[in-house]
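# Fold and contact review
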Protein chains: 2
Amino acid sequence: MKRTEIKDLKPGKKVRVHGWVRSIRDQKSIMFLILGDRESLVQVIIKKEEYPEVAHALEGIQINSTVVLDGRVVAAPNVKLGGIEIIPTKVTVTSRAAVSPIDEKSGLDLQLDYRWLDLRCPVKTGYFKVQTEILRAMREWFVKNKYIEIMTPKITGHSTEGGAEVFEVKYFDKKAYLTQSPQLFKQMGIAAGFEKVFEVGASYRAEKSFTSRHATEFFGVDVEIGFVDSEHDVMDAQEAMLAAAFKQIGKSCADLFKKLDIQFNGNLKKFPRITLLQAYDLLLKERGYEVPKASKGDLDPESERLLCEISAEKWGSDFIFITDFPVSARPFYIMKGENAKFTRGYDLLYRGVEITSGGQREHRADVLRESIRAKGMNPEDLNFYVQFFEYGCPPHGGYCIGLARIVSKILGLPSVKDVIYLFRGPDRLSP
Amino acid sequence: MKRTEIKDLKPGKKVRVHGWVRSIRDQKSIMFLILGDRESLVQVIIKKEEYPEVAHALEGIQINSTVVLDGRVVAAPNVKLGGIEIIPTKVTVTSRAAVSPIDEKSGLDLQLDYRWLDLRCPVKTGYFKVQTEILRAMREWFVKNKYIEIMTPKITGHSTEGGAEVFEVKYFDKKAYLTQSPQLFKQMGIAAGFEKVFEVGASYRAEKSFTSRHATEFFGVDVEIGFVDSEHDVMDAQEAMLAAAFKQIGKSCADLFKKLDIQFNGNLKKFPRITLLQAYDLLLKERGYEVPKASKGDLDPESERLLCEISAEKWGSDFIFITDFPVSARPFYIMKGENAKFTRGYDLLYRGVEITSGGQREHRADVLRESIRAKGMNPEDLNFYVQFFEYGCPPHGGYCIGLARIVSKILGLPSVKDVIYLFRGPDRLSP
């Protein structure tokens, strides 16, 4: 007999039902179980004298064990769970559960040690259902708009992308490295004439960061588009994608958001765009906040938080683009602006955090070599990359959305750890 | 002015057009360019005396350079490319191309060295358009059928999955490893109550294989489903997914397949299912082929090829499931069959190659420990994994489809290298 999902049970039917034992009430002559699958619950009633083999099979059963049962569905108007119950004629305990070592009061570290038990909570499972829909909505827009999906390599023979630290891999008798982003390789797609590419994939940073925003392995939605006239074309493309995706999510996740008690408005207003200098002025004028010296030329976490507050108040937008970052705050591959002190790089902030770095790239090999040199690096070390631009390459730009960042903010959660399936940090490599 | 794509050009309009210079005909007083973007071509005409600045900007231009031009679209009934041409009033050369170091006659290694130039060929770009649609069709089915998307970690503190070689990563002051498959971690999703999960992600094998089917980094479509009664439920699920996806691809790729000259039938017949022993009999009876001793208990490449031929002839199916592999040929995590010499593991063959390994997993911690021991491994080393099954876990199974394998076979290509964006092999880590 094929399995019937609990939500599809109808009185009068003979069925096979698989499920988790969610609760047990064991009386002298009768036993009640609440059985659950991912979506629903049902009551199971066992009259011990009538079905001694069923009662025997269930002896000593603990919560979180799993069973498969064949039986009859009967109407039971007094039963809250759908007005039905199951009378099983045959039960097999498919797994016997030990007592869970964690509960709601467990600390974060213990929860991460037993992540699979932590995720069983329907609210946390719900986060991943939402993420599934978010990714689907984004990808759907990309494919409709003729973006080509690519999968860039995560291992490379080249150690440097400038800046952040890399993990080293023993690659047979050679050294290899984990890529810090698909940046250099997605740009290759533009040189290849793919014109518009996207990727959802992993990146690696060997940084000892212990914040609510960082992981050593993180997944991003990466995009690169060719034939742009400036970084504003890239922002237009990102804004159009997010507007379409949010509209879609508003529909596809409506029930989920209700269950998770999440306020979500799928109708995005136009995102404000201000320069970094305008942002500094705004922070000072509206909040009396001055960006600390160490962060000058960039934004610190507090200014990101405040700018999002201001954007919501002033323009009714949870999003805000910040443009015109100085050359010092951006990597070598970002194109310089008309004023050569500034770049064509931008950040997109959402509900208090930076969720995207983007911008127009430098696509002229000679200028690119100069930018690499100006950052104190040797263009020879990046020749595998610079050569992408030697045989013709259109002006292009792109962006990356930190997946855990946008998902956690949509869900109103404080840390990216909540929405990462198995978090990897400097102190965490297991399970 | 915003860019207009070439396919959208209409006579009488003033436009900005970005493109690649596909050909140049430079005469004394007039110059013709064929300009192309990803999808289309258009002729550009420059009367040198009338527009001396345009002519000057284009001096010395080489094929594969990129330009942006502002101009007027005029009707030109004699011009084959859509009966229009562009008269530019302003041209900027956005990149000047050096002469390509490869052509159609270049060897595979040189083509891979200059992969981005190799991919420019519209046929090869087309392969990635097809792959984009294949992935979309599969994911669409998963999401519609309530699978949850997961992203399992690719770095782990645990070295062993049994069998294949792993890459070692320097992880701060510890050792880490690249995962050989999402296998162990996708099963965690079942223990977490996710019930049905899928992932499209990378896996790593440190094997010195130099075949047309192997890469050290490869991308797979991984699936795991809970509450199965046997491996046949898993096969049913995979068959339903592939039938839906092929139907969808037949529609969404119809034009692409025509351009690429590819025969594709989206209406799949029911896949035959035969046991390994039946397969051996069939090979002997139909082709006089005996599987070599070294491959006994499994299939060698030649038998995979022949079985697909036989399946097409006998059952009209490009696919064929092979079941009941012996314990010796399967990893520790596959459940044993009713006859304990055999497993609940299966292979799915398509057009001559194995594209999937799948099966029901062992979800009982104690039996699993026994299987690990029987393979000569220490259950302690796999405790991070075995513990997933200590706190209740339903019977489950799953499969992985090698993406490059199925895509290359759909496209009728001899090697997975053709459809991998940047191939990684024992001797190849660059670009």
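Before going further, it helps to examine the confidence of the model for chain A. Parts of the prediction with low pLDDT should not have their coordinates interpreted in detail. Taken residue by residue, chain A gives an average pLDDT of 96. The fraction at 70 or more is 99%. Two summary scores accompany this predicted model of the complex, namely pTM at 0.96 and ipTM at 0.97.

A separate point is the environment of K10 of chain A. Looking at where K10 of chain A falls in the secondary structure, it is placed in the segment before strand 1 (14–26). Distance from K10 of chain A to I86 of chain A, taken between C-alpha atoms, is 10.0 Å for residues 76 residues apart in sequence.

Below, the discussion takes up the relation of the copies chain A and chain B. Mapping one chain copy onto the other needs a rotation about an axis and a shift along that axis. Once chain A is rotated about the relating axis by 180° and shifted along it by 0.0 Å, it coincides with chain B to within an RMSD of 0.0 Å. The transformation just described matches what one would write down for a two-fold rotation axis. Among all residues of chain A, the one whose C-alpha sits closest to the rotation axis is V169 of chain A, at a distance of 2.2 Å. The residues that chain A uses at the interface reappear at the interface of chain B in 100% of cases, marking a shared surface.

Residue and element names in this part refer to chain A. In contact at an axis separation of 10 Å, helix 8 (residues 276–287) and helix 9 (residues 301–315) are set at 75° when each is read in the N-to-C sense. It follows from the interaxial angle that helix 8 and helix 9 lie roughly perpendicular. Of helix 9, the residues touching helix 8 (which contributes A279, L282, L283, E286 and R287) are S303, L306, L307, E309, I310, E313, K314 and W315. For the contact of helix 8 with helix 9, the per-class residue count stands at seven nonpolar, one polar and five charged.

With that out of the way, let us pick up the pattern of salt bridges. Taken as a whole and judged by the stated rule, the model has 74 salt bridges over all chains. The salt bridge partner of R136 of chain A is E140 of chain B, with a shortest N-O separation of 2.9 Å. On the criterion of chain membership, the pair formed by R136 of chain A in helix 4 (residues 122–144) and E140 of chain B in helix 4 (residues 122–144) is interchain, its members lying in two chains. R351 of chain B is paired through a salt bridge with D318 of chain B; the nearest N and O atoms lie 3.3 Å apart. Here R351 of chain B, found in the loop between strand 14 (345–350) and strand 15 (353–360), pairs with D318 of chain B, found in the loop between helix 9 (301–315) and strand 13 (319–323); they are 33 residues apart in sequence, far enough to count as distant. Linked by salt bridges that have partners in common, K2 of chain A together with D233, D236, E239, K270 and R273 of chain B make up one network.

Here the focus is the environment of G157 of chain A. Inspection of the secondary structure puts G157 of chain A in the loop between strand 7 (155–156) and strand 8 (168–171). Among the residues examined, G157 of chain A registers a relative accessible area of 30% and is labelled partly exposed. Along the chain, G157 of chain A and G297 of chain A lie 140 residues apart, while their C-alpha atoms are 32 Å from each other. Residues within four places of G157 of chain A in sequence aside, it is in contact with K175 and Y177 of chain A together with L429 of chain B.

For the rest of this paragraph, the subject is the packing of aromatic side chains. How two aromatic rings sit relative to each other is set out by the distance from centre to centre and by the angle between their planes. In the structure shown here, the tally under the stated rule is 56 aromatic pairs over all chains. With a centroid separation of 5.4 Å and 85° between ring planes, the pair formed by F332 of chain B and Y333 of chain B is classed as edge-to-face. For the residue pair F332 of chain B and Y333 of chain B, the accessibility class agrees, reading buried in each case. On the basis of an interplanar angle of 80° and a centroid distance of 6.1 Å, the ring pair of Y385 of chain B and F388 of chain B is categorised as edge-to-face. Grouping residues by exposure puts Y385 of chain B and F388 of chain B together as buried. An aromatic cluster is defined as three or more aromatic residues linked by ring pairs; in this entry it consists of Y114 and W116 of chain A together with F332, Y333, Y385, F388, F389 and Y391 of chain B. Above the plane of the ring of F423 of chain A lies K417 of chain A, whose end atom (NZ or CZ) is 4.8 Å from the centre.

In this complex, chain A contributes 109 residues to the contact, which on the side of chain B involves 109 residues. Along the contact surface separating chain A from chain B lie twelve salt bridges. Among the elements that make up the side of chain A that touches chain B, the one with the highest residue count is helix 4 of chain A (twelve residues). When its residues are assigned to classes, the side of chain A that touches chain B shows 50 nonpolar, 23 polar and 36 charged. The pairing of strand 8 of chain A with strand 8 (residues 168–171) of chain B spans three bridges and is classified as antiparallel.

Rules behind the numbers
- Residues numbered from 1 in each chain as written.
- Chains lettered and ligands numbered in written order.
- Predicted model: local features only at pLDDT ≥ 70, side-chain atom pairs only at ≥ 80, totals over all residues.
- Heavy atoms only, no water.
- pLDDT = per-residue confidence, 0-100.
- Helix = DSSP H or I, 4+ residues; strand = E, 2+ residues; numbered from the N terminus.
- Least-squares fit on C-alpha atoms with pLDDT ≥ 70 in both.
- Contact = heavy atoms within 4.5 Å.
- Axes fitted to C-alpha atoms, helices over the stretch in contact; angles between N-to-C directions.
- Parallel < 35°, antiparallel > 145°, perpendicular 65-115°, else oblique.
- Nonpolar A, V, L, I, M, F, W, Y, C, P; charged D, E, K, R; others polar.
- Salt bridge = Lys/Arg side-chain N within 4 Å of Asp/Glu carboxyl O.
- Buried < 20%, exposed > 50% of the residue type's maximum accessible area, 1.4 Å probe, protein only.
- Phe/Tyr/Trp six-rings, centres within 6.5 Å; stacked < 30°, edge-to-face > 60°.
- Lys NZ or Arg CZ within 6 Å of the ring centre and 35° of its normal.
- Pairing = 2+ DSSP bridges.

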